[in-house]
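Chain residues, written in single-letter form:
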Amino acid sequence: MEKTNLKGLNLTQLENFFEKIGEKKFRATQMFLWIYNKKAKSFDEMTNLSKKTKTKLDEFAFIENIELVEVKIDEISKTHKFLFRLADGRKIESVLLYDGKRKTICVSSQVGCAVDCKFCATGKMGLLRNLTLSEILDQIIVISRDFETEITNIVFMGMGEPFHNYNNVIESAKILCDPQAFSISQRKITISTSGVLPKIQKFIEEEHNFKLAISLNATDNLTRTALMPLNEKWQIETIFAEIQKYNKTNRNRVTLEYVLLAGINDTDEDAKKLAKWIKDYNCKINVIPYNPTNTDFERPTKERIEKFMAVLGKATPSATLRNTGGRQIQAACGQLATTN
Ligand code: SAH
Ligand code: SF4
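Predicted model only: the values in this text are computed from it and were never measured.

Participant: Explain the overall build of the protein chain here, please?
Facilitator: The number of helices and strands found in the protein chain is 11 helices and 14 strands. Its C-alpha atoms give the protein chain a radius of gyration of 21 Å, within 12% of the compact-globule value 20 Å for 340 residues. Across its three principal axes, the protein chain shows a C-alpha extent of roughly 70 × 45 × 35 Å. The buried share of the protein chain, taken over its 340 residues, is 54%. Sequence-distant contacts, at least 24 apart, represent 65% of the contacts inside the protein chain between residues at least 6 apart. When the accessible surface of the protein chain is totalled, it reaches about 15,400 Å², and 49% of it is carbon and sulfur. Positive and negative side-chain charges in the protein chain, numbering 50 and 42 respectively, have mean positions lying 4 Å apart.

The following block contains the structure:
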(Lines give C-alpha, C1' and ligand atoms only; values in the text may rest on other atoms or scores of the structure.)
(Ligands and ions follow the chains in the order given, each with its own letter.)
Protein backbone atom coordinates (compact mmCIF):
# COMPACT_ATOMS: atom_id res chain seq x y z
CA MET A 1 0.00 0.00 0.00
CA GLU A 2 1.37 3.38 -1.01
CA LYS A 3 1.80 5.80 1.88
CA THR A 4 -0.96 8.40 2.16
CA ASN A 5 -0.33 12.08 2.84
CA LEU A 6 -2.86 12.82 5.59
CA LYS A 7 -2.59 16.57 5.12
CA GLY A 8 -5.17 17.53 2.53
CA LEU A 9 -7.71 14.88 3.55
CA ASN A 10 -11.07 15.96 4.89
CA LEU A 11 -12.75 14.27 7.85
CA THR A 12 -14.61 11.68 5.77
CA GLN A 13 -11.45 10.76 3.88
CA LEU A 14 -9.55 10.45 7.16
CA GLU A 15 -12.28 8.19 8.53
CA ASN A 16 -11.97 5.96 5.47
CA PHE A 17 -8.21 5.88 5.87
CA PHE A 18 -8.33 4.85 9.53
CA GLU A 19 -10.94 2.22 8.78
CA LYS A 20 -8.71 0.81 6.05
CA ILE A 21 -5.75 0.42 8.39
CA GLY A 22 -7.96 -1.15 11.07
CA GLU A 23 -8.05 1.79 13.47
CA LYS A 24 -11.00 3.29 15.32
CA LYS A 25 -13.02 6.04 13.68
CA PHE A 26 -12.34 8.62 16.42
CA ARG A 27 -8.71 8.67 15.30
CA ALA A 28 -9.86 10.59 12.24
CA THR A 29 -11.18 13.50 14.31
CA GLN A 30 -8.02 13.41 16.40
CA MET A 31 -5.88 13.60 13.28
CA PHE A 32 -8.05 16.34 11.73
CA LEU A 33 -7.53 18.46 14.86
CA TRP A 34 -3.80 17.79 15.01
CA ILE A 35 -3.19 18.75 11.40
CA TYR A 36 -5.52 21.70 10.86
CA ASN A 37 -6.11 23.06 14.34
CA LYS A 38 -2.90 22.40 16.24
CA LYS A 39 -0.90 22.46 13.02
CA ALA A 40 1.36 19.54 13.88
CA LYS A 41 4.16 18.83 11.41
CA SER A 42 4.69 15.17 12.28
CA PHE A 43 3.18 12.22 14.13
CA ASP A 44 5.81 12.72 16.84
CA GLU A 45 4.15 15.98 17.86
CA MET A 46 0.82 14.23 18.41
CA THR A 47 1.05 13.54 22.11
CA ASN A 48 -2.19 11.60 22.52
CA LEU A 49 -1.22 8.84 20.07
CA SER A 50 0.15 5.61 21.48
CA LYS A 51 3.51 4.32 20.32
CA LYS A 52 1.73 1.47 18.58
CA THR A 53 -0.52 3.80 16.62
CA LYS A 54 2.42 5.97 15.65
CA THR A 55 4.32 2.96 14.35
CA LYS A 56 1.31 1.94 12.31
CA LEU A 57 0.88 5.45 10.96
CA ASP A 58 4.54 5.58 9.95
CA GLU A 59 4.00 2.42 7.97
CA PHE A 60 0.98 3.65 6.00
CA ALA A 61 1.02 7.42 6.08
CA PHE A 62 3.01 10.63 6.30
CA ILE A 63 2.43 14.35 6.67
CA GLU A 64 3.85 16.41 3.86
CA ASN A 65 5.24 19.83 4.74
CA ILE A 66 6.15 22.62 2.37
CA GLU A 67 9.42 24.29 3.25
CA LEU A 68 9.66 27.98 4.06
CA VAL A 69 12.72 29.29 2.25
CA GLU A 70 12.56 33.05 2.66
CA VAL A 71 10.47 35.80 4.26
CA LYS A 72 10.57 39.42 3.14
CA ILE A 73 8.90 42.12 5.21
CA ASP A 74 7.85 45.52 3.98
CA GLU A 75 8.67 47.85 6.86
CA ILE A 76 5.94 50.40 6.16
CA SER A 77 2.89 48.20 5.60
CA LYS A 78 4.17 45.14 7.56
CA THR A 79 3.27 43.05 4.49
CA HIS A 80 5.11 39.72 4.59
CA LYS A 81 6.02 37.77 1.49
CA PHE A 82 6.83 34.08 1.87
CA LEU A 83 8.74 31.89 -0.53
CA PHE A 84 8.01 28.17 -0.20
CA ARG A 85 9.71 25.16 -1.73
CA LEU A 86 7.41 22.23 -2.53
CA ALA A 87 8.31 18.57 -2.28
CA ASP A 88 9.26 18.40 -5.97
CA GLY A 89 11.46 21.50 -5.71
CA ARG A 90 8.98 23.88 -7.36
CA LYS A 91 8.51 27.24 -5.66
CA ILE A 92 5.50 29.38 -4.81
CA GLU A 93 4.84 32.61 -2.94
CA SER A 94 2.17 33.68 -0.45
CA VAL A 95 1.52 37.03 1.20
CA LEU A 96 0.34 38.13 4.65
CA LEU A 97 -1.38 41.51 4.66
CA TYR A 98 -2.27 43.78 7.59
CA ASP A 99 -5.13 46.21 7.25
CA GLY A 100 -6.52 47.49 10.56
CA LYS A 101 -7.99 44.50 12.35
CA ARG A 102 -7.89 42.44 9.20
CA LYS A 103 -5.11 39.90 8.82
CA THR A 104 -5.32 38.37 5.39
CA ILE A 105 -3.38 35.58 3.75
CA CYS A 106 -3.17 35.72 -0.01
CA VAL A 107 -2.70 32.12 -1.13
CA SER A 108 -1.45 30.58 -4.35
CA SER A 109 -3.39 27.87 -6.15
CA GLN A 110 -0.95 26.97 -8.94
CA VAL A 111 2.75 27.12 -9.78
CA GLY A 112 2.56 29.77 -12.51
CA CYS A 113 -0.61 30.36 -14.52
CA ALA A 114 -1.87 29.52 -17.99
CA VAL A 115 -4.15 32.53 -18.46
CA ASP A 116 -1.33 34.80 -19.63
CA CYS A 117 -2.72 38.19 -18.64
CA LYS A 118 -0.32 40.67 -20.15
CA PHE A 119 0.17 42.78 -17.00
CA CYS A 120 0.84 39.93 -14.55
CA ALA A 121 4.18 38.50 -13.46
CA THR A 122 2.71 35.07 -12.66
CA GLY A 123 1.27 34.92 -16.18
CA LYS A 124 4.77 35.31 -17.59
CA MET A 125 5.76 32.01 -15.97
CA GLY A 126 3.23 29.93 -17.87
CA LEU A 127 1.61 27.06 -16.01
CA LEU A 128 3.95 24.58 -14.36
CA ARG A 129 1.35 22.66 -12.36
CA ASN A 130 -1.63 22.79 -10.04
CA LEU A 131 -1.06 22.82 -6.31
CA THR A 132 -2.34 19.87 -4.31
CA LEU A 133 -4.90 20.40 -1.58
CA SER A 134 -2.13 19.78 0.93
CA GLU A 135 0.07 22.48 -0.61
CA ILE A 136 -2.73 25.02 -0.65
CA LEU A 137 -3.58 24.45 3.01
CA ASP A 138 0.02 24.29 4.11
CA GLN A 139 0.62 27.92 3.14
CA ILE A 140 -1.97 28.90 5.73
CA ILE A 141 -0.79 26.32 8.25
CA VAL A 142 2.81 27.54 8.21
CA ILE A 143 1.97 31.25 8.24
CA SER A 144 -0.62 30.97 11.00
CA ARG A 145 1.57 28.67 13.08
CA ASP A 146 4.83 30.61 12.81
CA PHE A 147 3.87 34.24 12.08
CA GLU A 148 0.31 35.33 12.73
CA THR A 149 -2.12 33.16 14.65
CA GLU A 150 -5.21 35.31 14.24
CA ILE A 151 -5.85 35.09 10.52
CA THR A 152 -9.20 36.73 9.74
CA ASN A 153 -9.39 36.55 5.93
CA ILE A 154 -8.20 34.37 3.09
CA VAL A 155 -7.99 35.51 -0.52
CA PHE A 156 -7.21 33.18 -3.40
CA MET A 157 -5.33 35.91 -5.22
CA GLY A 158 -1.78 34.62 -5.14
CA MET A 159 -0.13 32.76 -7.98
CA GLY A 160 -2.43 30.97 -10.37
CA GLU A 161 -6.01 30.87 -11.60
CA PRO A 162 -8.03 29.26 -8.76
CA PHE A 163 -10.77 28.04 -11.10
CA HIS A 164 -8.22 26.10 -13.14
CA ASN A 165 -7.69 24.10 -9.95
CA TYR A 166 -11.34 24.20 -8.95
CA ASN A 167 -11.72 21.06 -6.84
CA ASN A 168 -8.65 21.61 -4.69
CA VAL A 169 -9.49 25.27 -4.14
CA ILE A 170 -13.09 24.55 -3.10
CA GLU A 171 -12.07 21.62 -0.89
CA SER A 172 -9.42 23.74 0.81
CA ALA A 173 -11.92 26.54 1.37
CA LYS A 174 -14.29 24.03 3.01
CA ILE A 175 -11.57 22.93 5.43
CA LEU A 176 -10.63 26.56 6.10
CA CYS A 177 -14.13 27.36 7.31
CA ASP A 178 -14.57 24.16 9.32
CA PRO A 179 -15.01 25.15 13.01
CA GLN A 180 -12.76 22.26 14.04
CA ALA A 181 -10.02 23.34 11.68
CA PHE A 182 -9.29 27.00 10.87
CA SER A 183 -12.76 28.32 11.64
CA ILE A 184 -12.64 31.19 9.15
CA SER A 185 -16.07 32.44 8.18
CA GLN A 186 -17.15 31.57 4.63
CA ARG A 187 -17.73 35.23 3.85
CA LYS A 188 -14.13 36.01 4.75
CA ILE A 189 -12.81 33.66 2.09
CA THR A 190 -12.62 35.21 -1.36
CA ILE A 191 -11.90 33.36 -4.57
CA SER A 192 -10.76 35.53 -7.45
CA THR A 193 -11.04 34.33 -11.03
CA SER A 194 -9.98 35.87 -14.30
CA GLY A 195 -13.36 34.75 -15.69
CA VAL A 196 -13.28 30.99 -16.33
CA LEU A 197 -16.94 30.85 -17.25
CA PRO A 198 -17.76 27.12 -16.88
CA LYS A 199 -16.33 27.16 -13.37
CA ILE A 200 -18.16 30.36 -12.45
CA GLN A 201 -21.32 28.50 -13.50
CA LYS A 202 -20.34 25.51 -11.39
CA PHE A 203 -19.60 27.73 -8.41
CA ILE A 204 -23.06 29.31 -8.71
CA GLU A 205 -24.80 25.96 -9.17
CA GLU A 206 -23.09 24.52 -6.12
CA GLU A 207 -24.32 27.50 -4.08
CA HIS A 208 -21.12 28.18 -2.19
CA ASN A 209 -21.05 31.04 0.24
CA PHE A 210 -17.42 31.91 -0.30
CA LYS A 211 -17.04 35.34 -1.85
CA LEU A 212 -16.55 35.56 -5.55
CA ALA A 213 -14.30 38.11 -7.25
CA ILE A 214 -13.93 38.44 -11.00
CA SER A 215 -11.12 40.30 -12.73
CA LEU A 216 -12.89 42.49 -15.26
CA ASN A 217 -10.05 44.90 -16.06
CA ALA A 218 -11.69 46.48 -19.12
CA THR A 219 -15.08 47.71 -20.25
CA ASP A 220 -14.97 46.58 -23.88
CA ASN A 221 -14.10 43.22 -25.38
CA LEU A 222 -11.36 44.51 -27.67
CA THR A 223 -9.33 45.93 -24.79
CA ARG A 224 -10.08 42.98 -22.51
CA THR A 225 -8.99 40.43 -25.11
CA ALA A 226 -5.75 42.32 -25.67
CA LEU A 227 -5.06 42.24 -21.92
CA MET A 228 -6.50 38.81 -21.12
CA PRO A 229 -6.54 36.31 -23.99
CA LEU A 230 -9.25 34.21 -22.31
CA ASN A 231 -11.73 36.98 -23.12
CA GLU A 232 -11.78 35.73 -26.69
CA LYS A 233 -13.67 32.70 -25.42
CA TRP A 234 -15.61 34.15 -22.50
CA GLN A 235 -16.59 37.74 -23.19
CA ILE A 236 -17.76 40.51 -20.89
CA GLU A 237 -21.48 40.03 -21.65
CA THR A 238 -21.33 36.35 -20.70
CA ILE A 239 -19.69 37.21 -17.39
CA PHE A 240 -22.44 39.69 -16.55
CA ALA A 241 -25.07 37.10 -17.49
CA GLU A 242 -23.56 34.82 -14.81
CA ILE A 243 -23.44 37.65 -12.30
CA GLN A 244 -27.15 38.15 -12.90
CA LYS A 245 -27.80 34.47 -12.13
CA TYR A 246 -25.63 34.69 -9.04
CA ASN A 247 -27.50 37.76 -7.81
CA LYS A 248 -30.73 35.81 -7.97
CA THR A 249 -29.53 32.96 -5.78
CA ASN A 250 -26.94 34.49 -3.49
CA ARG A 251 -26.97 37.54 -1.24
CA ASN A 252 -23.22 38.02 -1.51
CA ARG A 253 -22.05 40.81 -3.72
CA VAL A 254 -19.64 39.98 -6.48
CA THR A 255 -16.43 41.98 -6.48
CA LEU A 256 -15.19 43.12 -9.85
CA GLU A 257 -11.48 43.81 -9.94
CA TYR A 258 -10.17 46.42 -12.31
CA VAL A 259 -6.43 46.81 -12.83
CA LEU A 260 -5.80 50.42 -13.71
CA LEU A 261 -3.29 50.78 -16.55
CA ALA A 262 -2.02 54.17 -17.73
CA GLY A 263 -3.29 55.07 -21.19
CA ILE A 264 -5.17 51.78 -21.57
CA ASN A 265 -8.26 51.79 -19.35
CA ASP A 266 -7.88 54.80 -17.04
CA THR A 267 -9.77 57.70 -18.64
CA ASP A 268 -12.84 59.44 -17.23
CA GLU A 269 -14.78 57.82 -20.06
CA ASP A 270 -13.60 54.37 -18.91
CA ALA A 271 -14.75 55.14 -15.37
CA LYS A 272 -18.21 56.11 -16.66
CA LYS A 273 -18.44 52.99 -18.81
CA LEU A 274 -17.46 50.87 -15.83
CA ALA A 275 -20.16 52.44 -13.65
CA LYS A 276 -22.69 51.89 -16.42
CA TRP A 277 -21.82 48.20 -16.67
CA ILE A 278 -22.44 47.51 -13.01
CA LYS A 279 -25.47 49.68 -12.35
CA ASP A 280 -27.98 46.84 -12.73
CA TYR A 281 -26.07 44.24 -10.73
CA ASN A 282 -25.31 43.59 -7.09
CA CYS A 283 -21.58 44.02 -7.32
CA LYS A 284 -18.81 46.33 -6.26
CA ILE A 285 -15.68 47.50 -7.98
CA ASN A 286 -12.22 47.17 -6.61
CA VAL A 287 -9.76 49.30 -8.57
CA ILE A 288 -6.14 48.12 -8.41
CA PRO A 289 -3.59 50.57 -9.81
CA TYR A 290 -1.01 48.60 -11.81
CA ASN A 291 1.87 47.29 -9.74
CA PRO A 292 5.13 47.24 -11.68
CA THR A 293 6.18 43.90 -13.15
CA ASN A 294 8.48 43.14 -16.05
CA THR A 295 6.04 44.47 -18.65
CA ASP A 296 5.69 47.71 -20.62
CA PHE A 297 2.56 48.83 -18.78
CA GLU A 298 2.63 51.83 -16.50
CA ARG A 299 0.89 52.82 -13.31
CA PRO A 300 -1.29 55.91 -13.78
CA THR A 301 -0.19 59.03 -11.89
CA LYS A 302 -1.63 59.68 -8.45
CA GLU A 303 -3.74 62.48 -9.92
CA ARG A 304 -5.15 60.22 -12.66
CA ILE A 305 -6.01 57.51 -10.13
CA GLU A 306 -7.78 60.06 -7.91
CA LYS A 307 -9.72 61.51 -10.84
CA PHE A 308 -10.72 58.04 -12.06
CA MET A 309 -11.98 57.18 -8.57
CA ALA A 310 -13.82 60.49 -8.30
CA VAL A 311 -15.65 59.98 -11.59
CA LEU A 312 -16.41 56.38 -10.71
CA GLY A 313 -17.50 57.32 -7.20
CA LYS A 314 -19.92 59.89 -8.49
CA ALA A 315 -21.63 57.30 -10.68
CA THR A 316 -21.60 54.40 -8.26
CA PRO A 317 -21.29 54.22 -4.49
CA SER A 318 -19.65 50.82 -4.58
CA ALA A 319 -16.12 51.50 -5.75
CA THR A 320 -12.99 51.13 -3.66
CA LEU A 321 -9.31 51.53 -4.31
CA ARG A 322 -7.00 48.65 -3.45
CA ASN A 323 -3.64 50.06 -2.69
CA THR A 324 -1.98 47.12 -1.08
CA GLY A 325 1.41 47.55 0.48
CA GLY A 326 4.37 45.46 -0.41
CA ARG A 327 5.24 46.86 -3.83
CA GLN A 328 8.82 47.37 -2.65
CA ILE A 329 9.19 43.67 -1.91
CA GLN A 330 7.25 42.59 -5.01
CA ALA A 331 4.39 41.30 -2.88
CA ALA A 332 1.51 43.31 -4.36
CA CYS A 333 -1.19 42.00 -6.76
CA GLY A 334 0.29 40.64 -9.94
CA GLN A 335 3.90 40.74 -8.74
CA LEU A 336 4.23 37.16 -7.53
CA ALA A 337 6.58 35.01 -9.58
CA THR A 338 9.23 32.41 -8.89
CA THR A 339 12.01 30.85 -10.90
CA ASN A 340 11.44 27.10 -11.03
N1 SAH B 1 -5.74 34.64 -11.08
C2 SAH B 1 -6.76 35.28 -10.37
C3 SAH B 1 -6.33 35.71 -8.98
C4 SAH B 1 -4.93 36.23 -8.81
S5 SAH B 1 -4.54 37.77 -9.45
C6 SAH B 1 -7.30 36.47 -11.13
O7 SAH B 1 -6.70 36.86 -12.13
O8 SAH B 1 -8.35 36.97 -10.75
C9 SAH B 1 -5.35 38.91 -8.33
C10 SAH B 1 -5.69 40.25 -8.96
O11 SAH B 1 -4.49 40.95 -9.32
C12 SAH B 1 -6.48 40.13 -10.26
O13 SAH B 1 -7.61 40.95 -10.23
C14 SAH B 1 -5.52 40.61 -11.35
O15 SAH B 1 -6.21 41.20 -12.41
C16 SAH B 1 -4.65 41.57 -10.56
N17 SAH B 1 -3.33 41.84 -11.15
C18 SAH B 1 -2.58 41.03 -11.90
N19 SAH B 1 -1.42 41.64 -12.25
C20 SAH B 1 -1.47 42.86 -11.69
C21 SAH B 1 -0.55 43.96 -11.66
N22 SAH B 1 0.62 43.91 -12.27
N23 SAH B 1 -0.91 45.07 -10.97
C24 SAH B 1 -2.09 45.13 -10.32
N25 SAH B 1 -2.98 44.12 -10.30
C26 SAH B 1 -2.67 43.00 -10.97
FE1 SF4 C 1 -3.18 34.22 -14.00
FE2 SF4 C 1 -4.58 35.96 -12.50
FE3 SF4 C 1 -2.11 36.55 -13.38
FE4 SF4 C 1 -4.12 36.45 -15.10
S5 SF4 C 1 -3.90 37.90 -13.38
S6 SF4 C 1 -2.09 35.55 -15.41
S7 SF4 C 1 -5.31 34.77 -14.25
S8 SF4 C 1 -2.65 34.95 -11.96
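Participant: Just checking my understanding: could you explain the pairing of strand S12 (residues 254–260) for this structure?
Facilitator: Along any regular strand, the residues point their side chains to alternate faces of the sheet. Extensive coverage of S12 is indicated by the burial of 7 of its 7 residues. Covered by surrounding structure in S12 are Val254, Leu256, Tyr258 and Leu260 together with Thr255, Glu257 and Val259, the residues of both alternating faces. Across 3 bridges, the pairing between strand S11 (residues 211–215) and S12 is parallel. Bridge pairing in S12 links Ile214 to Leu256. As defined by bridge partners, S12 adjoins strand S13 (residues 283–289) across 7 bridges and the pair is classed as parallel. Opposite Leu260, over in S13, you have Pro289 as the bridge partner. You can see the chain leave S12, run along helix H10 (residues 268–278) and come back into S13, and the turn it takes is right-handed.

Participant: Quick question: what am I supposed to make of the side chain of Thr193 here?
Facilitator: Turning to its location among the elements, Thr193 is positioned in strand S10 (residues 189–193). When its relative accessible area of 1% is taken as the criterion, Thr193 is described as buried. Among the polar contacts listed, one links the side chain of Thr193 to the backbone nitrogen of Gly195, at a separation of 3.1 Å.

Participant: How should the sheet that holds strand S6 (residues 102–106) be read in this particular structure?
Facilitator: Note on sheets: strands pair through backbone hydrogen bonds, and any given pair is parallel or antiparallel. One open sheet accounts for 10 strands, arranged S3-S4-S5-S6-S9-S10-S11-S12-S13-S14; its pairing is mixed. Two strands lie at the open edges of the sheet, namely strand S3 (67–73) and strand S14 (319–321), each paired on one side alone. Strand-to-strand twist of the sheet, defined as the mean angle between neighbouring strand axes without regard to direction, takes the value 20°. Across 6 bridges, the pairing between strand S4 (residues 80–85) and strand S5 (residues 91–99) is antiparallel. When the sheet's bridge partners are listed, Leu83 is paired in S5 with Glu93.

Participant: What should I look at first to understand the site of ligand 1 in this one?
Facilitator: Of all residues adjacent to ligand 1, which total 22 residues, the nearest are Phe119, Gly160, Ser192, Ser215 and Asn291. In the environment of ligand 1, an oxygen atom lies 3.3 Å from a nitrogen or oxygen atom belonging to the side chain of Glu257. In the complex, 96% of the free accessible area of ligand 1, which totals 530 Å², lies under the protein chains. Only S10, S12 and S13 provide two or more residues apiece to the shell around ligand 1.

Participant: What should I look at first to understand the packing of aromatic side chains in this one?
Facilitator: In this description, an aromatic ring pair is defined by two values, namely the gap between the centres and the angle between the planes. In this structure the tally under the stated criterion is 12 aromatic pairs. With a centroid separation of 5.0 Å and an interplanar angle of 70°, the aromatic rings of Phe32 and Tyr36 are classed as edge-to-face. Taken together, the residues span about one helical turn, with Phe32 and Tyr36 both in helix H2 (residues 26–37) at a distance of 4 residues. Overall, the relative accessible area of 2% leaves Phe32 in the buried class. Tyr36 sits in the buried class, given a relative accessible area of 0%. Pairing Phe240 with Tyr281 gives two aromatic rings, centres 4.9 Å apart and planes at 45°, and the pair type is tilted. Here Phe240, found in helix H9 (residues 236–249), pairs with Tyr281, found in the loop between H10 and S13; they are 41 residues apart in sequence, far enough to count as distant. Its relative accessible area of 1% is what places Phe240 among the buried residues.

Participant: Is there a simple way to think about the site of ligand 2 in this case?
Facilitator: Around ligand 2, the neighbouring residues are Cys113, Val115, Asp116, Cys117, Cys120, Gly123, Gly160, Glu161 and Ser194. Split into classes, the residues belonging to the shell around ligand 2 amount to 4 nonpolar, 3 polar and 2 charged.

Participant: So what exactly am I meant to see when it comes to the packing of H10 against helix H11 (residues 302–315) here?
Facilitator: It is at 9 Å that the axes of H10 and H11 come closest, and there the two elements cross at 30°. Here the hand of the crossing between H10 and H11 comes out right-handed. When H10 is examined against H11, the residues Asp268, Asp270, Ala271, Lys272, Leu274 and Ala275 are found in contact with a partner set consisting of Arg304, Lys307, Phe308, Val311, Leu312 and Ala315. Residues that form the contact of H10 with H11 fall into these classes: 7 nonpolar, no polar and 5 charged.

Participant: I'm lost on the domain arrangement of the protein chain in this one. Help?
Facilitator: Often, the extent of an interface is quoted as the loss of accessible area on bringing the components together. According to the domain assignment, the protein chain consists of domain 1 (4–62) and domain 2 (67–329). For domain 1 versus domain 2, the distance between C-alpha centres works out to 34 Å. Contacts between the two partners involve 14 residues from domain 1 and, on the opposite side, 13 residues from domain 2. For the pair domain 1 and domain 2, the summed buried surface comes to about 1,200 Å²; carbon and sulfur atoms form 60% of the total. In terms of surface lost to domain 2, no three residues of domain 1 exceed Lys7, Tyr36 and Lys39, which account for 46% of the buried area on that side. The interface formed by domain 1 and domain 2 holds 1 salt bridge in total. With its nearest N and O atoms 2.8 Å apart, the salt bridge here joins Asp138 to Lys7.

About the thresholds
- Residues numbered from 1 in each chain as written.
- Chains lettered and ligands numbered in written order.
- Predicted model: local features only at pLDDT ≥ 70, side-chain atom pairs only at ≥ 80, totals over all residues.
- Heavy atoms only, no water.
- Helix = DSSP H or I, 4+ residues; strand = E, 2+ residues; numbered from the N terminus.
- Rg over C-alpha atoms; globule rule 2.2 N^0.38 Å.
- Buried < 20%, exposed > 50% of the residue type's maximum accessible area, 1.4 Å probe, protein only.
- Contact = heavy atoms within 4.5 Å.
- Areas by Shrake-Rupley, 256 points an atom, 1.4 Å probe, with all protein chains shown as cover.
- Lys, Arg positive; Asp, Glu negative; His and termini not counted.
- Charge placed at Lys NZ, Arg CZ, Asp CG, Glu CD.
- Pairing = 2+ DSSP bridges.
- Right-handed = clockwise from strand over helix to strand, strands pointing away.
- Polar contact = N/O pair within 3.5 Å; in protein donor to acceptor, adjacent residues only side chain to side chain.
- Axes fitted to C-alpha atoms, helices over the stretch in contact; angles between N-to-C directions.
- Near = heavy atom within 4 Å.
- Phe/Tyr/Trp six-rings, centres within 6.5 Å; stacked < 30°, edge-to-face > 60°.
- Nonpolar A, V, L, I, M, F, W, Y, C, P; charged D, E, K, R; others polar.
- Left-handed = near helix turned anticlockwise from the far one by under 90°.
- Domains from an automatic or database assignment.
- Buried area = accessible area lost by both parts, 1.4 Å probe.
- Salt bridge = Lys/Arg side-chain N within 4 Å of Asp/Glu carboxyl O.

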